[in-house]
Amino acid sequence: MDYTFQYGQVWPYLPYLIKGAWLSLQIAFLAFCGGMLIGTVCAAVKTFGGGFSRHAVNAYVVFFVNTPQLVQIYFLYFALPDLGIFLSSYMAVLLGMTLNAGAYLTEIQRAGFESRRQSEMEAAEVLGFSRLQQIRYVILPHVAKVLFPPLSNHYILMTLGTSMAAIFGVEELTGRAFNINSETFRSLEVFSIVAVIYVFVTLIASVALALFGKFAFRTKMRVV
Amino acid sequence: MAHLELDKVSAAYGKLRVLDGIELSVAKGETVGLIGPSGSGKSTILRVLTGLLKPETGSVRVAGETINFDKPADIRTLRNRTAIVFQQYNLFQNLTVLENVMIAPIKVHGRKRSEVQAEAENLLEKVGLANKLESYPDQLSGGQQQRVAIARGLCLKPEILLLDEVTAALDPELVSEVLDTIRELAAEGMTMVIVSHEMGFIREISARVAFMADGKVVELGAPADIFDAPNQDRTRDFVGKILRH
Ligand SMILES: Nc1ncnc2c1ncn2[C@@H]1O[C@H](COP(=O)(O)OP(=O)(O)OP(=O)(O)O)[C@@H](O)[C@H]1O
Ligand SMILES: [Mg+2]
């Protein structure tokens, strides 16, 4: 092997790549927030609701957890137009990732809701807490603490998952890497830089989340 | 007048009948001990007295007033008058020791924070935890958690204190500290129902002792009668076994 690395050709694109990384972070963040909204409602329905609403949520979760995310986005981007619904590639990716996240976050949060401790609820009840106070002082802090690590993990996974957007021509980090690659043909250089940017971005997020968790919930999380 | 009165109280968990026609009354300022084999329904009586379990039949009276378990206002009255220290402590894991003790007086009873804090610190010092105010329950030993639970109960200034095996998780040194605290409360005229396997302590502190088996009060009487001259075979059996240990 006598490949000579020529990073010189690729360096000038660094700001361009970093802007792409910023878009990746945006997609991950928006999809995560949307997914949290869906997940919280669905988890509440699964835990406390009944009848039709529960079946509907179950169907949604089973469907989205058991099909590849890529296929889900393909469906939104290529199949929906046949039904007269046109989404931009960005919107298709965002919506697909949001719906997918919603399904996973439903399952994660349901486990959290179910871990609420009967003994503490009883103590609160006996001490005279109202239903709202029980939720505010006992259920939420506990559930938030239990959920924080798995939610953080999922958020990191989603950040990496945004690279799928490249397939649909969205110019996030991976998409921009494709572009540079087809201009320079320095694949090794381009993708090694991109890999380092991904590592950097997720590491920062992991450390920030771990610190926040330690401060807010006294959780001990492994960063790497 | 009896401070606390159970009249033919029966209760069940699902189909399992756990209390079967309980008759028990506790006078104001009296301490009644509950003893009996595991599963006999001692904790369940305390759950009924705190409104956690609704009796199927029978009535519960507090200071002469019959509690309607379907009426939230009645349950609230019941809970305002009583405090329970659970067998499993049931502390709030996400709150510090001090916050565990302070939260109900502040949030439920709307008392002033500064005043409650002074009291809470005082109570925690009394149970030997002055240096643990900022610790979380999972950083404490079982016995220490037990004492936090006692302080939490006392900070409510209840008229009636229900104690479920409060010495089970304590080492001998602490047992005597906690027992001293309970003795003081008894001397101050607190009405108490105490569940315990600590026969020596039950005997010393109780005005009367109820021996329970299979959800019934088998025998009720002065400690000397229950421990030295029981009328019922089951009582004799149980007391004999326990004292031989
Ligand atoms: N939450 C529950 N659901 C169903 N059954 C229960 C529940 N709690 C208690 N029981 C049952 O009720 C019966 C009485 O239990 P209880 O806790 O009152 O006994 P106890 O006298 O306090 O025993 P111990 O000395 O072991 O604490 C037991 O048979 C127990 O299995
Ligand atoms: Mg018990």
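- Chain A goes by ABC transmembrane type-1 domain-containing protein in an unreviewed UniProt entry, where it is assigned to Puniceibacterium antarcticum.
- In UniProt, chain A has this text filed under Sequence similarities (unreviewed entry): "Belongs to the binding-protein-dependent transport system permease family. HisMQ subfamily."
- For chain A, the Function (unreviewed entry) comment in UniProt is given as "Part of the binding-protein-dependent transport system for glutamine; probably responsible for the translocation of the substrate across the membrane."

## Quick look at the overall build of chain A
Logical step 1: Within chain A, the secondary structure is distributed over 8 helices and 0 strands.
Logical step 2: Start at the N end of chain A and walk to the C end: the helices and strands fall as α-α-α-α-α-α-α-α.
Logical step 3: The C-alpha extent of chain A, read off along each of the three principal axes, is 75 × 45 × 30 Å.
Logical step 4: Within chain A, the proportion of its 224 residues that are buried is 43%.
Logical step 5: Considering only residue pairs separated by 6 or more positions, chain A has 76% of its internal contacts joining residues 24 or more positions apart.
Logical step 6: Carbon and sulfur atoms make up 71% of the accessible area of chain A, which totals about 12000 Å².

## Topic: the coordination of the magnesium ion (ligand 2)
Logical step 1: The protein atoms donating to the magnesium ion (ligand 2) are B:S43 (OG) and B:Q87 (OE1), with metal-donor distances spanning 1.9 to 2.4 Å. Taken together, the positions of B:S43 in helix α1 (residues 42–49) and B:Q87 in the loop between β6 (82–85) and α3 (97–108) put the pair 44 residues apart, joining distant regions of the chain.

## Looking at the pattern of salt bridges
Opposite charge on two side chains makes pairing possible when the charged atoms of those side chains draw close.
Residue and element names in this part refer to chain B.
Logical step 1: Enumeration over the complete set of coordinates arrives at 25 salt bridges over all chains.
Logical step 2: Of the charged contacts in the structure, one is a salt bridge between D20 and K216, with a shortest N-O distance of 3.2 Å. With D20 in strand β2 (residues 16–27) and K216 in strand β10 (residues 216–221), this pair connects stretches of sequence that are 196 residues apart.
Logical step 3: Between R203 and D228 there is a salt bridge whose closest N-O contact spans 2.5 Å.

## Concerning the nonpolar core
Note that soluble globular proteins tend to have their nonpolar side chains buried in a common cluster.
Logical step 1: A:F129, B:I35, B:F92, B:L124, B:I182 and B:M192 are the most contacted members of the largest nonpolar core, which has 91 residues in total.
Logical step 2: In terms of nonpolar packing, the next biggest core, distinct from the first, is built from 31 residues, A:L105, A:F113, A:V143 and A:F168 among them.

## Regarding the sheet that holds β6(B)
Residue and element names in this part refer to chain B.
Logical step 1: If you trace the 6 strands from one edge of the open sheet to the other, you get β6-β7-β8-β3-β9-β10, paired in mixed fashion. The outermost strands of the open sheet, each flanked by one partner alone, are β6 and β10. The mean inter-strand angle of the sheet, taken between neighbouring strand axes irrespective of direction, is 15°.
Logical step 2: When strand β3 (residues 31–35) meets strand β8 (residues 191–195), the two strands line up parallel, connected through 4 bridges. In the sheet register, G33 faces β8, and the bridge partner there is I194.

## A word on the packing of aromatic side chains
Logical step 1: Inspection of every chain in the model, using the stated rule, returns 18 aromatic pairs over all chains.
Logical step 2: Measuring from ring centre to ring centre gives 6.2 Å for A:F129 and A:Y137, while their planes differ by 85°; the resulting arrangement is edge-to-face.
Logical step 3: Judged by relative accessible area, A:F129 falls into the buried class, the value being 6%.
Logical step 4: Each ring, one from A:F148 and one from A:F212, has its centre 5.6 Å from the other, and the planes form 50°; the classification is tilted. Taken together, the residues A:F148 in helix α6 (residues 131–161) and A:F212 in helix α8 (residues 187–217) connect sequence positions 64 residues apart.
Logical step 5: A:F148 sits in the buried class, given a relative accessible area of 11%.
Logical step 6: Judged by relative accessible area, which is 43%, A:F212 ranks as partly exposed.
Logical step 7: Among the aromatic side chains, those forming a connected cluster through ring pairs are A:Y3, A:F5, A:Y7 and A:W11.
Logical step 8: Geometry around B:F92 places B:R152 over its ring, the cationic atom sitting 5.0 Å from the centre.

## Considering the site of ligand 1
Residues and elements named next belong to chain B.
Logical step 1: Residues in close proximity to ligand 1 total 13 residues, the closest being S38, G39, K42, S43 and T44.
Logical step 2: Taking S40, its main chain carries an N or O atom lying 3.2 Å from an oxygen atom of ligand 1.
Logical step 3: For ligand 1, the accessible surface in isolation is 630 Å², of which the surrounding protein chains cover 61%.
Logical step 4: Take the shell around ligand 1: its biggest share by element is 3 residues, from α1.

Analysis parameters
Residues numbered from 1 in each chain as written. Chains lettered and ligands numbered in written order. Predicted model: local features only at pLDDT ≥ 70, side-chain atom pairs only at ≥ 80, totals over all residues. Heavy atoms only, no water. UniProt positions renumbered as here; feature names shortened; annotations may be inferred. Helix = DSSP H or I, 4+ residues; strand = E, 2+ residues; numbered from the N terminus. Buried < 20%, exposed > 50% of the residue type's maximum accessible area, 1.4 Å probe, protein only. Contact = heavy atoms within 4.5 Å. Areas by Shrake-Rupley, 256 points an atom, 1.4 Å probe, with all protein chains shown as cover. Donors = N, O, S within 2.8 Å, 3.2 Å for Na, K, Ca; no water. Salt bridge = Lys/Arg side-chain N within 4 Å of Asp/Glu carboxyl O. Core = buried A, V, L, I, M, F, W, Y, C linked by side-chain atoms within 4.5 Å. Pairing = 2+ DSSP bridges. Axes fitted to C-alpha atoms, helices over the stretch in contact; angles between N-to-C directions. Phe/Tyr/Trp six-rings, centres within 6.5 Å; stacked < 30°, edge-to-face > 60°. Lys NZ or Arg CZ within 6 Å of the ring centre and 35° of its normal. Near = heavy atom within 4 Å. Polar contact = N/O pair within 3.5 Å; in protein donor to acceptor, adjacent residues only side chain to side chain.

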